[in-house]
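# Chains, contacts and geometry: an overview
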Amino acid sequence: MKYMLIMRSTQEAVDAFQDVDFEEVIAAMGAYNESLIKAGVLLGGEGLAGVEEGFVVDFDATPPVVTDGPYAEAKELFNGFWIIGVSSKEEAIEWAKRCPLGPGSKLEVRRVNELEDFPQDNEWIQKEAQWRADAEGRLGSSS
């Protein structure tokens, strides 16, 4: 099973981060990432640039409205993610609990749907399976 660990922080956590030595933060996250890699469960993950570089596309209007960051109304910011491959929800919980985050931070943990979770006789699911196979073939031939 794949799970996505979504790192979210409040303004409190962002402010507290300013008082922590950046090398200390990088070392803690590096050690966490290394433990995920050594266990063979890390499938992907990235940190995100600050909200001032982002934007929101709001679909409440036609055409959709694009608003540049930062977002004053946001109570929590999405700062990064990991995707892990584990055998159970309980294992995902254990890995999430090990993440070196502090007060004002949360990890939202969500299972990532697999193609098998959808009706296999659906035309679009069949196309998705073929697209993925084609992409894997291209990736395999380029390495």
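Placed above this text is the structure.
First, a word on scope: everything that follows refers to the structure included in this document. (Residues numbered from 1 in each chain as written. Predicted model: local features only at pLDDT ≥ 70, side-chain atom pairs only at ≥ 80, totals over all residues. Heavy atoms only, no water.)

### As for the packing of aromatic side chains
Considering all chains together, one arrives at three aromatic pairs under this definition. Considering the side-chain rings of F17 and F22, the 6.5 Å spacing of their centres and the 85° angle between planes classify their relative orientation as edge-to-face. With relative accessibility at 48%, the residue F22 sits in the partly exposed group. The interplanar angle of 50° and the centroid separation of 6.4 Å between the aromatic rings of W124 and W131 together place this pair among those described as tilted. The partly exposed category is assigned to W131, whose relative accessible area is 46%. Seen from the ring of W95, R98 lies directly overhead, with NZ or CZ sitting 4.3 Å from the centre. For K127, the ring lying beneath its charged end belongs to W124, and the centroid distance is 4.1 Å. (Phe/Tyr/Trp six-rings, centres within 6.5 Å; stacked < 30°, edge-to-face > 60°. Buried < 20%, exposed > 50% of the residue type's maximum accessible area, 1.4 Å probe, protein only. Lys NZ or Arg CZ within 6 Å of the ring centre and 35° of its normal.)

### Quick look at the pattern of salt bridges
Side-chain pairs of opposite charge can arise whenever the charged atoms involved come near each other. A complete count under the given rule lists seven salt bridges for this structure. With a closest N to O distance of 3.5 Å, K97 and E94 form a salt bridge. Here the residue K97 and the residue E94 both occupy positions in helix α3 (residues 89–97), the gap between them amounting to three residues, near one helical turn. Overall, E94 belongs to the partly exposed group, its relative accessible area being 37%. Each of R8, E108 and R110 takes part in one network of salt bridges that share partners. (Salt bridge = Lys/Arg side-chain N within 4 Å of Asp/Glu carboxyl O. Helix = DSSP H or I, 4+ residues; strand = E, 2+ residues; numbered from the N terminus.)

### Looking at the environment of G47
Assignment of secondary structure puts G47 in strand β2 (residues 42–47). Accessibility expressed as a relative area gives 59% for G47, which makes it exposed. As for G47 and M7, which are separated by 40 residues in sequence, their C-alpha atoms are 8.8 Å apart. Other than its neighbours up to four places away in sequence, G47 contacts N79 and G80. (Contact = heavy atoms within 4.5 Å.)

### Thoughts on helix α2 (residues 22–38)
Its 17 residues give α2 an end-to-end C-alpha distance of 24 Å, which sits within 8% of 24 Å, the value for a rise of 1.5 Å per residue. Those residues of α2 not exposed but buried are M29, Y32 and L36. Buried residues of α2 fall within an arc of 55° about the axis and therefore sit on the same side. Facing away from the buried side of α2, by more than 90 degrees, are the exposed residues E23, E24, I37 and K38. Structurally, α2 contributes buried residues whose contacts are with β1 (2–9), β2, β5 (77–85) and α3. One or two positions beyond α2, positive phi appears at G40, with a value near 75°. (Expected span 1.5 Å × (residues − 1). Arc of directions from axis to C-beta.)

### Re the side chain of S88
By secondary structure assignment, the location of S88 is in the loop between β5 and α3. Setting aside its immediate chain neighbours within four residues, S88 contacts M1 and Y3.

### Digging into a nonpolar patch on the surface
Among the surface-exposed residues, F55, V57, F59 and V66 lie close enough to one another that they form a single nonpolar patch of about 440 Å² accessible area. Mapped onto the fold, V66 is located in strand β4 (residues 65–68). (Patch = residues over 30% accessible without salt bridge, like charges linked within 9 Å, V, L, I, M, F, W, Y side chains within 5 Å. Areas by Shrake-Rupley, 256 points an atom, 1.4 Å probe, with all protein chains shown as cover.)

### Structural notes on the sheet that holds β1
Strand order in this open sheet of four strands is β2-β5-β1-β6, and the pairing throughout is antiparallel. Both outer strands of the open sheet, β2 and β6 (105–112), are each paired with one neighbouring strand and no more. Between one strand and the next, the sheet's axes are offset by a mean angle of 20°, whatever the strand orientation. Of the strands in this sheet, β1, β2 and β5 touch α2, which is tilted by about 25° from β5. (Pairing = 2+ DSSP bridges. Axes fitted to C-alpha atoms, helices over the stretch in contact; angles between N-to-C directions.)

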